Amino acid sequence: MPALLIHVLFAAAVQGLVSFTLVGEGISEFTFYAAIVSILVDLDHRSDEKRSSAVHSLFTMSLLSAICVATAVVAGDVWTGFLLISLFVGFTSHISLDMTDGEGIYIMPRNREMIAPFCRARRPGKSRRRRFHLILAGLSVSVLLVLVCI
């Protein structure tokens, strides 16, 4: 499982890029909101399972993403739209990173089938995954530094 710091950095960098693309403002409160949501996704872990199937599933990610994006498009208020987009970015960035750690995510809640592109049988060694996550963290920090300077 990627460390929470990597989840935060990745979500903040993606949200910063989205904000810069849409309104020309890189770092804002919405960057912070996306980073917080990327942490909150892991709060439903129970001691008897590694990942919650209710939250860490492709179905939940798709449903929440569709609701957030559709509501953001329909919302007449720009602030509400950006808040929903930051929720979308925080959630999907967390789930996307969890797909790369070898365990994968569930397809449907309460189902044992998982999407694991780097499954344990074929996945690269732990040091390679760790290196990938460290490189991703470094790139995220670089993006954030550039966005601060803009």
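Computed from a prediction, not measured in an experiment: that's the story for all the values here.

Visitor: Help me understand helix H1 (residues 4–23), please; the structure alone is not making it clear to me.
Guide: Think of an α-helix as turning once every 3.6 residues; residues three or four places apart then point the same way. Compared with an ideal rise of 1.5 Å per residue, which puts 20 residues at 28 Å, H1 spans 28 Å between its outermost C-alpha atoms and is within 8% of the ideal. Residues of H1 that are buried include every one of Ile6, His7, Leu9, Phe10, Ala11, Ala12, Ala13, Gln15, Gly16 and Ser19, and no others. Looking one or two places after H1, you find Gly24, whose phi comes out positive at around 80 degrees.

Visitor: I keep staring at the nonpolar core and nothing clicks. Help me out?
Guide: Within soluble globular proteins, side chains that are nonpolar tend to cluster in buried spots. Grouped together as the largest cluster of nonpolar side chains are 10 residues: Ile6, Leu9, Phe10, Ala12, Ala13, Ala35, Leu97, Leu136, Ala137 and Leu144. Contributing elements (two or more residues each) for this core: H1 and helix H5 (126–149). In contact with Leu9, not counting residues within four places along its chain, are Ala137, Ser140, Val141 and Leu144. By size, the runner-up hydrophobic cluster in this structure holds 7 residues, among which are Val37, Val41, Val55 and Ile105.

Visitor: Which parts of the structure should I look at to understand helix H3 (residues 58–74)?
Guide: If you check H3, its first and last C-alpha atoms are 24 Å apart, about what 17 residues at 1.5 Å a residue would give, namely 24 Å. Among the residues making up H3, those that are buried are Thr60, Met61, Ser65, Cys68 and Ala72. Seen along its axis, H3 keeps its buried residues to an arc of 120 degrees; they face one direction. Structural note: H3 exposes Val73 and Val74 on the side pointing more than 90 degrees away from its buried face. Those residues of H3 that are buried are in contact with helix H4 (78–99).

How each quantity is defined
- Residues numbered from 1 in each chain as written.
- Predicted model: local features only at pLDDT ≥ 70, side-chain atom pairs only at ≥ 80, totals over all residues.
- Heavy atoms only, no water.
- Helix = DSSP H or I, 4+ residues; strand = E, 2+ residues; numbered from the N terminus.
- Expected span 1.5 Å × (residues − 1).
- Buried < 20%, exposed > 50% of the residue type's maximum accessible area, 1.4 Å probe, protein only.
- Core = buried A, V, L, I, M, F, W, Y, C linked by side-chain atoms within 4.5 Å.
- Contact = heavy atoms within 4.5 Å.
- Arc of directions from axis to C-beta.

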